[in-house]
2 protein chains.
Amino acid sequence: MTAGPDFHATIPEGDDRERDVCRTCGFVNYVNPKIVVGAVVTHDGRFLLARRAIEPRRGFWTIPAGFMEEGESVAEGAAREAREEACADIAIDALLAVYSIPRISQVQMIHRAALARPEFAAGPESLEVRLFAWDEIPWDEIAFPSVHWALHHWRAVEGQAAFPPFVNPPGQDGRAPLPY
Amino acid sequence: MTAGPDFHATIPEGDDRERDVCRTCGFVNYVNPKIVVGAVVTHDGRFLLARRAIEPRRGFWTIPAGFMEEGESVAEGAAREAREEACADIAIDALLAVYSIPRISQVQMIHRAALARPEFAAGPESLEVRLFAWDEIPWDEIAFPSVHWALHHWRAVEGQAAFPPFVNPPGQDGRAPLPY
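Here the structure is a predicted model, which is why all the values come from computation and not from measurement.

Cut-offs and rules
- Residues numbered from 1 in each chain as written.
- Chains lettered and ligands numbered in written order.
- Predicted model: local features only at pLDDT ≥ 70, side-chain atom pairs only at ≥ 80, totals over all residues.
- Heavy atoms only, no water.
- Domains from an automatic or database assignment.
- Pairing = 2+ DSSP bridges.
- Helix = DSSP H or I, 4+ residues; strand = E, 2+ residues; numbered from the N terminus.
- Buried < 20%, exposed > 50% of the residue type's maximum accessible area, 1.4 Å probe, protein only.
- Contact = heavy atoms within 4.5 Å.
- Least-squares fit on C-alpha atoms with pLDDT ≥ 70 in both.
- UniProt positions renumbered as here; feature names shortened; annotations may be inferred.
- Buried area = accessible area lost by both parts, 1.4 Å probe.
- Salt bridge = Lys/Arg side-chain N within 4 Å of Asp/Glu carboxyl O.
- Expected span 1.5 Å × (residues − 1).
- Phe/Tyr/Trp six-rings, centres within 6.5 Å; stacked < 30°, edge-to-face > 60°.

Domain parsing of chain A yields domain 1 (1–31) and domain 2 (34–156). Of note, the centres of domain 1 of chain A and domain 2 of chain A, computed from C-alpha atoms alone, are 34 Å apart.

Dropping the structure here:
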């Protein structure tokens, strides 16, 4: 074990804002917004949700979504997350929404998809995975505001082949408490 | 000065892939794809381009675009880049394209915008900023393939109020040489 980095905030040469620089090794920790890729996945009119086995919001339901990795496209990342969290192969047909969550410096790119095969199971980060009819969705046990947004945005363009992606609902910057 | 970080590749506990970990301080350098935010900006039917004062591709022309920073939305980032690189206030009206460039782990989110005021100037990262009619654009001196894509995608939806964002042109993953 080592003691861990010893960051202090300073403006690196040629930069215009403070960054965290390690006093021990000089590493400049450029922090950029992170991309979350995910999908509202349906099958026969029902919605695929996974109950989280990990924090934050363990035990709550979410759409398959997670951090985009290097070396993949946005759509490839969303398909990977569905495989990892729900053991599901998905067919993406549209970019449903781009949500900006400045408080936690995330950009969430949520797609519209269908199950490519009618098979799924809980991956290591999920307690269970289920298909819910709209009226069965456990609205009080949804993990994150953006999951609410994405499900409702899916409904708003149901049956439409092409549409511009949604952004955050008016007044919702990801900072406010759940409006439900 | 310090010697800089001494990274080696190893799989951190609880992770599923190799990350760079500093032998000196133990810092885990999670590397995620970076978001580039930008805009095709027009005024009276002409296109705002900036000639780059910095590497890579110094001296070549680009649309205003750069790395998204923390604490801003995607659209706020695109507007900030137009201010920084072209001293321009822009009004964004659509997300034009989302390009994935896995080779360099970038996601480029390019908007459609107009000048909010008919004023612009070279910022510190630009040698000059100009408005070009379509036929005057210096096609042989464009900085990056995605600038070509964005300009042509702008033309493909000219006059359309709402449309799904474009992705990379077929066969173009950002790895190939310029197809022009």
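Before going further, it helps to examine the sheet that holds strand β1 (residues 7–10) of chain A. Residue and element names in this part refer to chain A. Across the sheet, which stays open at both edges, the three strands sit in the order β1-β2-β3 with antiparallel pairing between neighbours. The open sheet has two edge strands with one neighbour each: β1 and β3 (28–29). The sheet contact formed by β1 and strand β2 (residues 19–22) spans four bridges and is antiparallel. For Thr10, the partnering residue across the bridge sits in β2 and is Arg19.

Residues and elements named next belong to chain A. Secondary-structure assignment places Glu18 in the loop between β1 and β2. A residue is classified by how much of its surface remains accessible, and Glu18, at 54% relative accessible area, is exposed. The residues contacting Glu18, other than those within four sequence positions of it, are Ala9, Thr10 and Ile11.

It takes a turn of 180° to lay chain B on chain A, together with a shift of 0.0 Å along the axis; the resulting RMSD is 0.0 Å. With respect to symmetry, the two chain copies, as superposed, fit the operation of a two-fold axis. Of every C-alpha in chain B, the one belonging to B:Pro164 sits nearest the axis of rotation, 2.2 Å from it. Comparing contact sets, 100% of the residues at the interface of chain B also lie at the interface in chain A, consistent with an isologous, same-surface contact.

Turning to the sheet that holds strand β2 (residues 19–22) of chain B, a few remarks are in order. Residues and elements named next belong to chain B. A sheet is described by the order of its strands in space; here three strands give the open sequence β1-β2-β3, paired in antiparallel fashion. Unpaired on one side and paired on the other, β1 (7–10) and β3 (28–29) mark the two borders of the sheet. Note that β2 and β3 share two bridges and pair antiparallel. Bridged to Asp20 within β3 is Asn29.

Residues and elements named next belong to chain A. For the bond running from Glu55 to Pro56, omega is -5°, close enough to zero to count as cis. Within the secondary structure layout, Pro56 lies in the loop between β5 (46–52) and β6 (61–62). Positive phi is not limited to glycine here, since Arg57 has a value of about 70°. Using a relative accessible area of 30% as the deciding quantity, one classes Arg57 as partly exposed.

Moving on to the UniProt feature "domain: Nudix hydrolase" (unreviewed entry) in chain A. The feature "domain: Nudix hydrolase" (unreviewed entry), as given by UniProt, occupies residues 32–157 of chain A in the numbering adopted here. Overall, residues 32–157 of chain A shows 20% helix and 40% strand. The separation of its end C-alpha atoms is 31 Å.

Right, let's talk about the interface of chain B and chain A for a bit. Accessible area lost when the parts come together is the quantity often used to give the size of an interface. Opposite the 41 residues of chain B that make contact, chain A presents 41 residues. Buried area between chain B and chain A, summed over both chains or domains, comes out near 3200 Å², and the portion from carbon and sulfur atoms is 63%. On inspection of chain B and its partner chain A, the count reaches zero salt bridges. Of all the secondary-structure elements, those providing two or more residues to the side of chain B that touches chain A are β2, β4 (34–43), α1 (74–86), β8 (90–101) and β9 (106–115) of chain B.

Right, let's get into helix α2 (residues 145–156) of chain A. Residues and elements named next belong to chain A. Helix length check: α2, at twelve residues, gives a terminal C-alpha distance of 17 Å against a target of 16 Å (1.5 Å per residue), a fit within 8%. Of all the positions in α2, only Ser146, Val147, His148, Trp149, Ala150, Leu151, His153 and Trp154 are classed as buried. Each element contacted by the buried residues of α2 is listed here: β4 (34–43), β5, β6, β8 (90–101) and β9 (106–115).

The next thing to look at is the environment of A:Gly159. Residues and elements named next belong to chain A. Relative to the helices and strands, Gly159 is located in the segment after α2. Judged by its relative accessible area of 80%, Gly159 is exposed. Each C-alpha atom, one on Gly159 and one on Ile54, is 34 Å from the other, the two residues being 105 residues apart in sequence.

Turning next to the pattern of salt bridges. Residue and element names in this part refer to chain A. This model, assessed by the stated rule, comprises 16 salt bridges over all chains. Here Arg23 and Asp6 are joined by a salt bridge, their closest N and O atoms 3.8 Å apart. Highlighted residues: Arg23 in the loop between β2 and β3 and Asp6 in the segment before β1, separated in sequence by 17 residues. A relative accessible area of 34% places Asp6 in the partly exposed class. Linking Arg117 and Glu119 is a salt bridge whose minimum nitrogen-to-oxygen distance equals 2.3 Å. One salt-bridge network, in which partners are shared between bridges, spans Glu72, Arg80, Glu81 and Glu84.

So, about the pairing of β8(A). Extensive coverage of β8(A) is indicated by the burial of nine of its twelve residues. Adjacent in sequence and paired antiparallel, β8(A) and β9(A) are bridged by four residues, among which A:Ser105 carries a positive phi angle near 50°.

So, about the packing of aromatic side chains. By the definition in use, this model includes 13 aromatic pairs over all chains. Where A:Phe7 meets B:Phe27, the ring centres are 5.3 Å apart and the plane angle is 90°; that geometry is what we call edge-to-face. Here A:Phe7 is found in strand β1, whereas its partner B:Phe27 is found in the loop between β2 and β3 on a different chain. Look at A:Phe7 and you get partly exposed, because its relative accessible area is 27%. Between B:Trp61 and B:Phe132 the ring centres are 4.9 Å apart and the planes differ by 90°, which places this aromatic pair in the edge-to-face class. Residue B:Trp61 is located in strand β6 (residues 61–62), and its partner B:Phe132 is located in strand β10 (residues 126–132); the two are separated by 71 residues in the primary sequence.

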